[in-house]
Amino acid sequence: MTMNELDYLGKIWGEIPATDSSQTIAKLKKLDFFQKRINRLKVVAIILILTSLIITLNFLSNITLEVYIGVSIIIASTAIFIGYYLKNQFYTSKLDYGVESARFAHEAITMLRRQNGIFGLPFLMFILFMIAGANIMFMGMTPDSASISDIAMTPDSGSGSANPLYFHIIFSVLIALSGFLGLLVRRWRIRREVNPLIEELSHFENEQQYE
Amino acid sequence: MNKQQQEKLFLEVYTDYRLRIYRICYGYIYEKEQVDDLFQEIMLNIWNSMEKFKGDSSIGTWAYRVAVNTALLYNRKTKQYKKVSREATEYNTLTDVSCPDDHKLKETRLNQLGLSISKLEKQDRLIISLILEGLTYDQVSEIVGIKANYVGVKVTRIKKQLYETLKKYDNE
């Protein structure tokens, strides 16, 4: 083997046959349409779930103000977190594949790190708001509890909330534990899938010298 | 860009560049099944990215960029973040088994080249594949986003590595 043979191999390189698909364009159009339809269905499903939850609450009796406030906090914090998550999630479709590779690697790394950042302070805030919303909701749901509006209208009634403290503690711990477990799973996936990719793209980015 | 323009531009890219892009996939992955998969993914990204093509580079340069960038992210999609097996010894069947001996020899050499390229680092595989396609250092520089003289330095280093690897096959 000589260096000239490398040039010969370069010549025969061009003889590698390729897959020929005459249906490529049709398949791509079908996939494009399918992906857009799935996204629309997801948005419609989320709106339907939230709407039905609100309608169900309206039909229930003995719904106190605390329940409304608690549920509102839960729905609002969920909506905000999901919105923040979707905005910062890494989608390959957000990348511009037509730019130089060094710049592409840099943008991909930025997006991946931004996605990792979702599960820091924003996620912690989300869990805290869920705990707060759930506790406020339970204040209005236990049998002996008095509504804030009832207390306001009869200031001398002397009746106060008789929510068992353990009830709040148990549910708060359960929500916190669920959040913690979810975080563990997410961190495991980040270590396994995302960080190696960031490392490799960083290696590629560092090896190149920008023009 | 309307659908008809998109389709016309895609057909132009597909007709003129699909074979070259396929060979880049081959150089990058070597395993036949994943080569086809990567190729399809590149075509999908070309189709989806058509609207972002502004004409600030040639359509060929743009298509190569999409191919290279798709390959950079490809392993993530397979959910098995692994390097191409350095122990791969199975040869891809590139030509008809009934062909004459000189074609067999060519096929053997091509497979050895493919295996040797698969042992390089990811970015080196992409660069050498572009060079084997006959692109100049300036063209590769435009695609990858590095200086042309640095492309030259990398190619020299890669060729030395390939030479050493291919020599081992000669000695077997």
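Residues numbered from 1 in each chain as written. Chains lettered and ligands numbered in written order. Predicted model: local features only at pLDDT ≥ 70, side-chain atom pairs only at ≥ 80, totals over all residues. Heavy atoms only, no water.

### Some words on the overall build of chain B
Filter applied, for reference: Think of it this way: any DSSP run of H or I at least four residues long counts as a helix, any run of E at least two long counts as a strand, and we number them from the N terminus. The rule is simple: take the accessible area with a 1.4 Å probe, protein chains only, and divide by the maximum for that residue type; under 20% is buried, over 50% is exposed, in between is partly exposed. The criterion used for residue contact is that any of the two residues' heavy atoms lie within 4.5 Å. Residue burial considers only the protein chains on display, and all accessible areas are found by Shrake-Rupley using a 1.4 Å probe.
When helices and strands are tallied, chain B shows 7 helices and 0 strands. Order of helices (α) and strands (β) in chain B, N terminus to C terminus: α-α-α-α-α-α-α. Per-residue burial for chain B yields a buried fraction of 55% across its 172 residues. Long-range pairs, those at least 24 residues apart, make up 67% of the contacts in chain B with a sequence separation of at least 6. Taken as a whole, chain B presents about 8,100 Å² of accessible surface, with 49% of it coming from carbon and sulfur.

### Considerations on the overall build of chain A
Within chain A, the regular secondary structure consists of 7 helices and 0 strands. Seen in sequence order, chain A has helices and strands lined up from the N terminus as α-α-α-α-α-α-α. For chain A, the proportion of contacts with a sequence separation of at least 24, taken over those separated by at least 6, is 73%. Only carbon and sulfur atoms are counted for the fraction: they give 67% of the accessible area of chain A, which is about 13,100 Å².

### Some thoughts on helix H6 (residues 137–144) of chain B
All names here are of chain B. Note the following rule: The directions considered for the arc are those from the helix axis to the C-beta atoms.
Every buried residue belonging to H6 is among Val140, Ser141, Ile143 and Val144, and all of these are buried. End-on view of H6: buried residues confined to an arc of 165°, all on one side of the axis. Downstream of H6 by a residue or two, Gly145 has a phi angle that is positive, lying close to 90°.

### Section: the nonpolar core
Here is a general trend for soluble globular proteins: nonpolar side chains tend to be buried in one another's company. Short version of the rule: By nonpolar core we mean a set of buried residues, namely Ala, Val, Leu, Ile, Met, Phe, Trp, Tyr and Cys, connected to one another through side-chain atoms within 4.5 Å.
Ranked by size, the top nonpolar core spans 72 residues in total, and within it A:Leu201, B:Ile21, B:Ile46 and B:Leu130 carry the most contacts. By residue number, the principal contributor to this core is helix H1 (residues 3–29) of chain B, which donates 12 residues. Residues A:Ile118, A:Phe123, A:Phe126 and A:Ile127 belong to the second largest nonpolar core, which totals 10 residues.

### Topic: the packing of helix H5 (residues 122–132) of chain B against H6(B)
Residues and elements named next belong to chain B. How we decide: Lines fitted to C-alpha atoms define the axes here, with helix axes fitted over just the stretch in contact, and angles between the N-to-C directions of these axes take values from 0 to 180 degrees. With respect to orientation, any angle under 35 degrees is reported as roughly parallel, any angle over 145 as roughly antiparallel, any angle of 65 to 115 as roughly perpendicular, and every other angle as oblique. A clockwise turn of the near helix away from the far one marks a right-handed crossing, whereas an anticlockwise turn of less than a right angle marks a left-handed crossing. When residues are grouped by polarity, Ala, Val, Leu, Ile, Met, Phe, Trp, Tyr, Cys and Pro land in nonpolar, Asp, Glu, Lys and Arg in charged, and all others, Gly among them, in polar.
Following both chains from N to C, one finds H5 and H6 inclined at 140°, their axes separated by 10 Å at the closest point. As judged from the angle between their axes, H5 and H6 are oblique. In this structure, the crossing between H5 and H6 has a hand that is right-handed. Across from Ile127, Leu130 and Ile131 in H5, the residues of H6 making contact are Tyr137, Val140, Ile143 and Val144. Tallied by class, residues from the contact of H5 with H6 come to 7 nonpolar, no polar and no charged.

### Focus on the packing of H1(B) against helix H2 (residues 32–49) of chain B
All names here are of chain B. At a minimum axis separation of 9 Å, H1 and H2 run at an interaxial angle of 150°. Judged on the interaxial angle alone, H2 and H1 are roughly antiparallel. Viewed along their axes, H1 and H2 form a crossing whose handedness is right-handed. For the contact of H1 with H2, the class distribution of residues is 16 nonpolar, 2 polar and 5 charged.

### Looking at the side chain of B:Thr61
Keep this limit in mind: Distance and chemistry together define a polar contact, namely a pair of N or O atoms within 3.5 Å, with one atom able to donate a hydrogen and the other to accept it when in protein, and with adjacent residues in sequence counting only for side-chain atoms on both sides.
In this structure, B:Thr61 sits in helix H3 (residues 59–78). Among the polar contacts listed, one links the side chain of B:Thr61 to the side chain of B:Ser58, at a separation of 2.9 Å.

### Topic: the packing of aromatic side chains
Stated formally: Two rings from Phe, Tyr or Trp (for Trp, the six-membered ring) form a pair when their centres sit within 6.5 Å of each other. Planes less than 30 degrees apart are called stacked, planes more than 60 degrees apart edge-to-face, and all others tilted.
This model, assessed by the stated rule, comprises 16 aromatic pairs over all chains. Seen in terms of ring centroids, B:Tyr17 and B:Tyr64 are 5.9 Å apart; in terms of plane orientation they differ by 80°. Their pairing is edge-to-face. Here B:Tyr64 lies in helix H3 and B:Tyr17 lies in helix H1, a separation of 47 residues in the sequence. By way of ring pairs, the aromatic residues A:Phe81, A:Tyr85, A:Phe119, A:Phe123 and A:Phe126 are connected into one cluster.

### Things to note about the environment of B:Lys160
All names here are of chain B. Considering the arrangement of structural elements, one finds Lys160 in helix H7 (residues 148–171). Exposure remark for Lys160: the relative accessible area of 53% places this residue in the exposed category. Sequence spacing of Lys160 and Val66 is 94 residues, and the spatial spacing of their C-alpha atoms is 28 Å.

### Some points on the side chain of A:Gln115
Residue and element names in this part refer to chain A. Mapping Gln115 onto the fold places it in helix H4 (residues 101–117). We classify Gln115 as buried; its relative accessible area is 6%. Setting aside its immediate chain neighbours within four residues, Gln115 contacts Asn88, Gln89, Phe90 and Val194.

### Comments concerning a nonpolar patch on the surface
Applied cut-off: Like charges are joined within 9 Å and nonpolar side chains (Val, Leu, Ile, Met, Phe, Trp, Tyr) within 5 Å, but only among residues with over 30% relative accessible area and no salt bridge; these make up the patches. Each salt bridge in this description consists of a side-chain nitrogen of Lys or Arg and a carboxyl oxygen of Asp or Glu lying within 4 Å of one another.
On the surface, A:Leu165, A:Ile169, A:Val173, A:Leu177, A:Phe180, A:Leu181 and A:Leu184 cluster together into a nonpolar patch covering about 680 Å² of accessible area. Of note, A:Val173 is situated in helix H7 (residues 165–207).

### Considerations on the pattern of salt bridges
Close approach of charged atoms allows side chains with opposite charge to pair. Taken as a whole and assessed by the stated rule, the structure comprises 8 salt bridges over all chains. Linking B:Asp124 and B:Lys154 is a salt bridge whose minimum nitrogen-to-oxygen distance equals 3.5 Å. Taken together, the positions of B:Asp124 in helix H5 and B:Lys154 in helix H7 put the pair 30 residues apart, joining distant regions of the chain. Under the relative-accessibility criterion, B:Lys154 is labelled buried at 1%. Residues participating in the shared-partner salt-bridge network are A:Arg189, A:Arg192 and A:Glu193.

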